[in-house]
Amino acid sequence: MESSSSGSAKARQSSGGGGGADTFDIPGKGAPIERLKRWRQAALVLNASRRFRYTLDLKKEEQKEEVKRKIRAQAHVIRAAYRFKEAARVNVQPKETTDAAPHVDGALGFGIKEEQLTALTRDHNYSALQQYGGISGVANMLKTDMEKGTGGDDPDLKARQNAFGSNTYPRKKGRSFLAFVWDACKDLTLIILMVAAAVSLALGIATEGIKEGWYDGASIGFAVLLVVFVTATTDYKQSLQFQNLNEEKQNISLEVVRGGRRIKVSIYDLVVGDVVPLKIGDQVPADGILISGHSFSIDESSMTGESKIVNKDQKSPFMMSGCKVADGYGTMLVTAVGINTEWGLLMASISEDSGEETPLQVRLNGVATFIGIIGLTVAVLVLVVLVARYFTGHTYNPDGSPQYVKGKMGVGATIKGIVKIFTVAVTIVVVAVPEGLPLAVTLTLAFSMRKMMRDKALVRRLSACETMGSATTICSDKTGTLTLNQMTVTEAYFGGKKMVPTDNTEMLSASVSTMIIEGIAQNTSGSIFEPEGGQAEVTGSPTEKAILSWGLQLGMKFNETRSKSSILQVFPFNSEKKRGGVAVHVGDSEVHIYWKGAAELILESCTDWLDADGSKHSMTPEKVGEFKKFIEDMAVASLRCVAFAYRPCEMSDVPNEDQRAEWILPEDNLIMLGIIGIKDPCRPGVQDSIRLCTAAGIKVRMVTGDNLQTARAIALECGILTDPNVLEPIIIEGKTFRALSDLAREEAAEKICVMGRSSPNDKLLFVKALRNRGHVVAVTGDGTNDAPALHEADIGLSMGIQGTEVAKESSDIIILDDNFASIVRVVRWGRSVYANIQKFIQFQLTVNVAALIINVVSAVSSGDVPLNAVQLLWVNLIMDTLGALALATEPPNNHLMQRPPVGRREPLITNIMWRNLLIMAFYQVAVLLALNFDGQNLLQLKHDNHAHAEKVKNTFIFNTFVLCQVFNEFNARKPDELNVFKGITGNHLFMGIIAITVVLQVLIIEFLGKFTSTVRLSWQLWLVSIGLAFISWPLALLGKLIPVPDRPFSDLFACCCPGKKQDDDVKEEEGSAKQGEV
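Residues numbered from 1 in each chain as written. Predicted model: local features only at pLDDT ≥ 70, side-chain atom pairs only at ≥ 80, totals over all residues. Heavy atoms only, no water.

### Considerations on unusual backbone geometry
Then comes step 1: The omega torsion across Val500 and Pro501 is -10°, close enough to zero to call that bond cis.
Then comes step 2: Assignment of secondary structure puts Pro501 in the loop between strand S11 (497-498) and helix H19 (510-522).
Then comes step 3: A cis geometry characterises the amide bond from Glu728 onward to Pro729, with omega recorded as 0°.
Then comes step 4: Summarising the element assignment, Pro729 is placed in the loop between helix H25 (708-718) and strand S22 (731-733). (Helix = DSSP H or I, 4+ residues; strand = E, 2+ residues; numbered from the N terminus.)

Structure follows, in structure tokens:
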């Protein structure tokens, strides 16, 4: 038992990324500020402005909160002043006198000015609203029909934008290209190199004259500028991509009523005078006034800072942009947009892109710091050795004469020699400290996010891209994700009989048909636009559309039916209770309370049922069994079962208008009208997607509000279940799961494939149980009540079409087409991010190890280094920026989905990577050191002039080293596959960068020798150079045949140091315990 709880604690630690041993280890979500500060302080950084550009700006975050507080305080003060003024007016003035209506001044053809409207809603000035004639008076001034909205034609919309502004706010301009150039120049090593270049230039001109003396200094300066501009260009392009994605995130799509028709528009196209229908979970898109609402309440915490739900009615009708609808539904009249709203003012005042570090980015900062410390140590060692050898006369010129002779050297020549040595040491630091490593994450993320948009996924949080690659389980909704969300009523059971066809009203009496149609028309959040002579247009959720369309088949005249009775109170559909109700006054003192919802739950509340002729019968056990049999038959046919019931009452039973808002509609003693079965077919290709997930080690689980039989039928259809006779806990009901103890719930969660009749709270408990078992959980959600589960999961996936704004804001990724196949594509991209970073690490570390060993060994043994400062800067450019562009932008392939998920605590550098990079590094070091020490013999240069032979040898070493990196870049593409050329033609960027590198290398060797201290090579030496580099391919192929242990080398090392491992385990358990306390 003890070991089980310990394992669970470690699993929690693993999934949550709790406290602990590693500074460079942060959780994917909600990392504490102290943890974020700690890794920044521990990182070895040469250019803070560039390294931390894409991380969270902690200072800016504090400033943003301060701006929010100020704007909120200002709003509170203005409203408090108006309330005080209003109270004084009421107390001082006699009741019979009233203020004169404020003078209304028309604005460009409208009856009211922009500033008057803005002041009205900003100040929540109810008395001014009354003086304008209430909501209807304001609507008339704005030329808006409260039922049909605005005209909606282009001239009308243009006139409204000219008069009252557009629903946009001034955005802070993105940083210019020059700002990125300036950032790149702040690199400490590059600054030192520029100073060294200037000193070298001055000394060269002074000692050798301007004709020959400027080459050394100018070549270093040019190389530094090339690094700066290439770096700045890639960073600038990245920032533009993030900017575009930020704009996409804020482009909310919403419904408005124009010309009597509900249409979808972008939030940016909203104008003053628009009528906007709102329902639970929606964001209020602009400031406005409530026209009508039922159980309508708003969460104003985003604007007021107070987590308080505010009821909205005719006495408190003002609504603020940016707030969320907490309950109910209603319509609002837009009165202020863009910068005239507090939300617009707030958004214009704060910076949007404050950045966000991802766990992988932070871990790579740790790797960069570790490598950087080694590089720094090596650079200092090289500096000390070269300076010591220089002053002791053991450093020689190409002609064999010593570079320094005591007492015979001038100050200028001595300083120039020291500057050269110092420049080489600093350049080693440039190569050794991989500044580009953490930035490669943002490069691959920016690339992936742009491509994922094409694959119908909008990333809201960067870290979700990475985490998705580690997902071990996906908890998916059924409706719209696994199914098409194209619902139609295919079966109906009314009056105690099955209706064939489903719109056969002839078998029902007129009174029963009227009641069914009235219940459909009034108990809905959908709407029907009925154009003259045209086909009716149905809007609303897919379920509502299916029911309303069926109502039309029954002969329902939507607007006419609704006008015959008036709504008294509404209970909006609730995913917890799985039902929705409405009380309508049908005439005289007669009131009907209509309910619709989950068939078996409505059936439990019924005591009677209505016959086809309209007569009422008692609900006997036999009749209950008959209804249940019908529900079961529909469920087995994978139909969603919805029941309709009603309860008559008298007007005297209804509370008066002042107390009606608190009235809870009675849910018992209902009379069953009938049941319908709604067909929602499975999405084509969903079986293949689920099969792909299973092969990739990801378990797909269905969590649905439908009954167990419907859930079982759909799960069998789409391949989540293979056996139709499975029992608990593989298929389980929400209430059964809810009733289990915490430990039993965790054990059951491992086995669950399908959860039916689940509430959002059941989904939350399920996600928590899976995470406690060490799973990395992705969960889908579309409703407001799904927000806690989306927030709790490692990756929250909201639905772009059916999802509410509340769900979207709580999620990490928005699936724009609500399709399960898009979720699988997101998994591929997530795995691709991790794989691409590993490719880049392998490539970069190979260059690092080879360059450092060659320069150190050469410096210690001969007092000279074969790769000078300019050459090392070119290698750095290939390794850092160009290498990242080539390898970090590799598109995903199917091979990624044929291996298990990457554990988030698995080492970044795997055993396979260690094997590959060590083989390549040792090969390169062996070849280059052999050339360094015996190059003149090997290259048959003995008969040449010694100085020229030395130059040819060093040029050949430099050329071979660069070409080795070009060939090794191909090897890095596929660290664990034999065929490194697979899919290469699809990656045009990779091929382009390889071509650019080769062309530039040829130009450097053949034409820029003065700048790079190289000489032209004969075609024979070019062939030898290419041949030595080519060996990298067969060598890598043979290397991949060498088996490596599954256990990471870091663990094997830990076994050799049991004390260290025990200490780490203690720290890990402490971190887990602290997390549990929190």
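### Focus on the sheet that holds strand S9 (residues 473-476)
Then comes step 1: One open sheet holds the 8 strands; their spatial order is S8-S26-S25-S24-S9-S21-S23-S22, and the pairing between them is mixed. Each having just a single partner strand, strand S8 (457-459) and S22 make up the two edges of the open sheet. Across the sheet, the mean angle separating the axes of adjacent strands is 20° when strand polarity is ignored.
Then comes step 2: Looking at chain direction, S8 and strand S26 (residues 813-815) are connected through 3 bridges and run antiparallel. Pairing of Leu458 across the sheet is with Ile814, part of S26. (Pairing = 2+ DSSP bridges. Axes fitted to C-alpha atoms, helices over the stretch in contact; angles between N-to-C directions.)

### Let's talk about the nonpolar core
Then comes step 1: By size, the foremost hydrophobic cluster in this structure holds 155 residues, and its most contacted members are Ile720, Val754, Ile795, Ile813, Phe820, Ile841 and Phe961.
Then comes step 2: With 20 residues, the single largest contributor to this core is helix H31 (residues 820-862).
Then comes step 3: Not counting the four nearest positions on each side in its chain, Val754 is found in contact with Met702, Ala711, Ala715, Ile720, Leu721, Ile730, Ile731 and Ile732.
Then comes step 4: Core analysis: the second largest hydrophobic core is formed by 43 residues, Ala139, Leu270, Ile298 and Cys323 among them. (Core = buried A, V, L, I, M, F, W, Y, C linked by side-chain atoms within 4.5 Å. Buried < 20%, exposed > 50% of the residue type's maximum accessible area, 1.4 Å probe, protein only. Contact = heavy atoms within 4.5 Å.)

### Structural notes on the packing of helix H27 (residues 742-751) against helix H28 (residues 760-772)
Then comes step 1: Contact geometry of H27 with H28 gives a least axis separation of 8 Å together with a crossing angle of 85°. When the axes of H27 and H28 are compared, the pair comes out roughly perpendicular. The residues of H28 that touch H27, namely those facing Arg745, Glu746 and Ala749, are Leu765, Phe766, Ala769, Leu770 and Asn772. (Parallel < 35°, antiparallel > 145°, perpendicular 65-115°, else oblique.)

### Some points on the pattern of salt bridges
Then comes step 1: On inspection of all chains with the given rule, the structure shows 34 salt bridges.
Then comes step 2: Between Glu600 and Arg757 there is a salt bridge; the shortest N-O distance is 2.6 Å. With Glu600 in helix H22 (residues 599-604) and Arg757 in the loop between strand S23 (754-756) and H28, this residue pair connects regions lying 157 residues apart in the sequence. Residue Glu600 shares its accessibility class with Arg757, and that shared class is buried.
Then comes step 3: Two residues, Glu805 and Lys808, come together in a salt bridge whose shortest N-O distance is 3.5 Å. Remark: Lys808 and Glu805 occur in helix H30 (residues 805-810); sequence separation between them is 3 residues, near one turn of the helix. Each of the two residues, Glu805 as well as Lys808, counts as buried.
Then comes step 4: In this structure, a network of salt bridges that share partners links the residues Asp477, Lys763 and Asp786. (Salt bridge = Lys/Arg side-chain N within 4 Å of Asp/Glu carboxyl O.)

### What about a negative patch on the surface?
Then comes step 1: A cluster of acidic residues, Asp588, Glu590, Glu650 and Asp653, forms a negative patch on the protein surface.
Then comes step 2: Mapping Asp588 onto the fold places it in the loop between strand S15 (579-587) and strand S16 (590-598).
Then comes step 3: For Asp588, a relative accessible area of 76% translates into the label exposed. (Patch = residues over 30% accessible without salt bridge, like charges linked within 9 Å, V, L, I, M, F, W, Y side chains within 5 Å. Areas by Shrake-Rupley, 256 points an atom, 1.4 Å probe, with all protein chains shown as cover. Lys, Arg positive; Asp, Glu negative; His and termini not counted. Charge placed at Lys NZ, Arg CZ, Asp CG, Glu CD.)

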